[in-house]
Amino acid sequence: MKELKNIVSYITRYSAVAQPLIDFQDDRKLETKLYNMLATGEVDTDEDAALALYGHNKLSSSYRMLKSRFKKKLYNHLYFLSFPEDQIGSIHKVRYTCYAKLTEVKALLTLSEYKPALKILEYLLQLTTENGLIDLQVTVLEEMKAACVDLNYFDEYKTLDAQLQMAYYVQGLERQANAIFERTRFLLKKSTIERASNVEAIPTAIEELEKLWQKSQSSLVYSYLHKIRIIYLEQLGNYVAIATAVQQAEELLARGEFNKHWYSERYNSYILVYALLQCRRYEEGLKLAEERLELLQRDSYNWFAYMENYFLLALHSRKYSMAAKLLQDVMSNGYFSKIAPVSIERWELYRRFYTLVAGQAAKEAGLDAPFVSDLAILSRDKSGFNLAILILDVLSVLPQADLEQQAERVRKYRVKYLKGEKAERPRLFLRLLQVALQEQEARAARERGEKLLGQLEAAPLPGDAFTEVEIVPYEHLWEHLLSVLQKQEK
């Protein structure tokens, strides 16, 4: 009880005059009213809030003071969140708990309350050890050593020092792994052409990470290794091997060779869905995508990324009603406007392709609205999404456009940007497109393009490093193009 009395006295002595948290029960307080209005979506702007609270929409000094005080208290609540593991990830939840407890420790140590601080640190040492959080384990051990010095616990100090030296060693290996991981990811965030040339550096990074994992047996290092291995296979287009890599990771996890908290079911589900899309195992992919969707929160970037693959599975399998529902779900999500501009452009591009091939289904779903973006960001990547934009642009203006002029435009793009073995599929499709534009008649185009179509169907998918995913399979676009020419003749 003496320990509790001491803490109460500290809180009484050092607490601010204003209460640090919002009282959710007292609806008479302006802070509570403002919180409830924001939670229910009753107000969107400062003017709305001022009108509801004060009866006018002027941003008076009273309102500004209220907002400032409210913001501080709101941030204080961040110390008392409870994250569900199935949504936020257990390793992140443990980290949050550790940092919150370390704040308590720092307060106690500042007040020279070493024994209660040491009790919390012992709990944190167990928590960080069980969850493979080496960086936080180092912090905990350092604080424990310092407390033992002040308490003259010599034997405990020696034991902790030995543990700390080992933790320092593993932490050093983790930092090396992190540097390799981040450097490799940056190489692959560049344009399609640059990614293709950087792929050759990935096997070296994988080899280095494998050595670091063998030395450290760190779950964090293994997570870096697993992710880079998956990324490498994606770049090569070896999607069957991706499924194998995920299965191997699950086997290691079952044998307890790395900590379960470092295995992200959401991440690996995303990867599997994407691999099934690229392997053209559409039914299997759609089933998995539906089953695993509940793993992701609708207000996360991961949800939108996952939905891209889900939507493309529906589009590739020509399930246009399903694709429409998925597209509507994404664009009606309140967080859609908050994702990265390049992601918004991708969804706009997907919508345009859907409108192109779905026909009446797009109109019935209300997805044929005027375009709202010029796709300025995607246009910069000449062998990536810019290729999709070119194809969409040409197909969208048929049959009114000058077909000979469009054919020359396609030829120039193909010759300038689509070079090398890995660009075979897009190059073959542009040749088919050029044939159709030159012939301007469906039957002649079909006959002249028969050999090219056979080559296209036989050409393997090149992998992410060399081209972006086909939004609509080129074979489907060829059929659409012939259909447009046939209607034009009638």
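The text that follows walks through the structure, step by step, so that each part is easy to find. Keep in mind the model is a prediction, meaning the values are calculated, not measured.

## Description of the pattern of salt bridges
Per the counting criterion, the structure on display carries 25 salt bridges. Here Arg255 makes a salt bridge to Glu257, at a shortest N to O gap of 2.8 Å. What emerges from the salt-bridge pattern is a single network uniting Glu31, Arg69 and Lys73.

## A look at a nonpolar patch on the surface
Nonpolar side chains collect at one region of the surface, where Leu74, Tyr75, Leu78 and Leu81 lie side by side and expose about 360 Å² of accessible area between them. Along the polypeptide, Leu74 turns up in helix α4 (residues 61–76).

## Considering the environment of Leu315
Residue position: Leu315 is located in helix α16 (residues 301–316). For Leu315, a relative accessible area of 1% puts it in the buried group. In the structure, Leu315 is positioned 38 residues away from Phe353 in sequence and 9.4 Å away in space, judged by C-alpha atoms. Those residues in contact with Leu315, other than ones at most four positions away along the chain, are Tyr320, Ala323, Tyr354, Val357, Ile471 and Val472.

## Section: the side chain of Ser216
Within the secondary structure, Ser216 sits in helix α11 (residues 202–216). Its relative accessible area of 10% is what places Ser216 among the buried residues. For Ser216, the side chain forms a polar contact with the main-chain oxygen of Leu212, separated by 2.7 Å. Once you skip the residues sitting within four places of it in the chain, Ser216 turns out to touch Val170, Leu173 and Val221.

## With respect to the nonpolar core
Of all hydrophobic cores here, the largest spans 139 residues; its most connected members are Phe311, Trp347, Leu349, Tyr354, Leu430, Ile471 and Leu477. Apart from residues no more than four positions distant in its own chain, Leu349 is found in contact with Leu375, Leu378, Phe385, Ala388, Ile389, Leu392 and Ile471. Core analysis: the second largest hydrophobic core is formed by ten residues, Val43, Ala49, Leu53 and Leu66 among them.

## Quick look at the environment of Glu257
When you line up the elements, Glu257 lands in the loop between α13 (239–254) and α14 (265–278). Under the relative-accessibility criterion, Glu257 is labelled partly exposed at 31%. In this structure the C-alpha to C-alpha distance between Glu257 and Tyr222, which are 35 residues apart in sequence, comes to 9.6 Å. Non-local contacts of Glu257, meaning those with residues more than four positions away in its chain, are made with Trp213, Gln217 and Leu252. Among the polar contacts listed, one links the side chain of Glu257 to the side chain of Arg255, at a separation of 2.8 Å.

## Section: helix α21 (residues 403–417)
Helix length check: α21, at 15 residues, gives a terminal C-alpha distance of 21 Å against a target of 21 Å (1.5 Å per residue), a fit within 8%. Looking only at α21, the buried set comprises Leu403, Gln406, Ala407, Val410, Tyr413 and Arg414. For α21, the angular spread of the buried residues around the axis is 130°, confining them to a single face. Opposite its buried face, α21 presents the exposed residues Glu404, Gln405, Lys412 and Lys416, each directed more than 90 degrees away.

## A word on the packing of aromatic side chains
Scanning all chains against the criterion turns up 14 aromatic pairs. Between the aromatic rings of Trp303 and Phe304, the centroid separation amounts to 5.0 Å while the plane-to-plane angle is 90°, which identifies the pairing as edge-to-face. Judged by its relative accessible area of 1%, Trp303 is buried. According to the relative accessible area criterion, Phe304 is buried, its value standing at 4%. The ring of Tyr267 carries the charged tip of Lys227 above its face, separated from the ring centre by 5.8 Å.

Rules of the game
- Residues numbered from 1 in each chain as written.
- Predicted model: local features only at pLDDT ≥ 70, side-chain atom pairs only at ≥ 80, totals over all residues.
- Heavy atoms only, no water.
- Salt bridge = Lys/Arg side-chain N within 4 Å of Asp/Glu carboxyl O.
- Patch = residues over 30% accessible without salt bridge, like charges linked within 9 Å, V, L, I, M, F, W, Y side chains within 5 Å.
- Areas by Shrake-Rupley, 256 points an atom, 1.4 Å probe, with all protein chains shown as cover.
- Helix = DSSP H or I, 4+ residues; strand = E, 2+ residues; numbered from the N terminus.
- Buried < 20%, exposed > 50% of the residue type's maximum accessible area, 1.4 Å probe, protein only.
- Contact = heavy atoms within 4.5 Å.
- Polar contact = N/O pair within 3.5 Å; in protein donor to acceptor, adjacent residues only side chain to side chain.
- Core = buried A, V, L, I, M, F, W, Y, C linked by side-chain atoms within 4.5 Å.
- Expected span 1.5 Å × (residues − 1).
- Arc of directions from axis to C-beta.
- Phe/Tyr/Trp six-rings, centres within 6.5 Å; stacked < 30°, edge-to-face > 60°.
- Lys NZ or Arg CZ within 6 Å of the ring centre and 35° of its normal.

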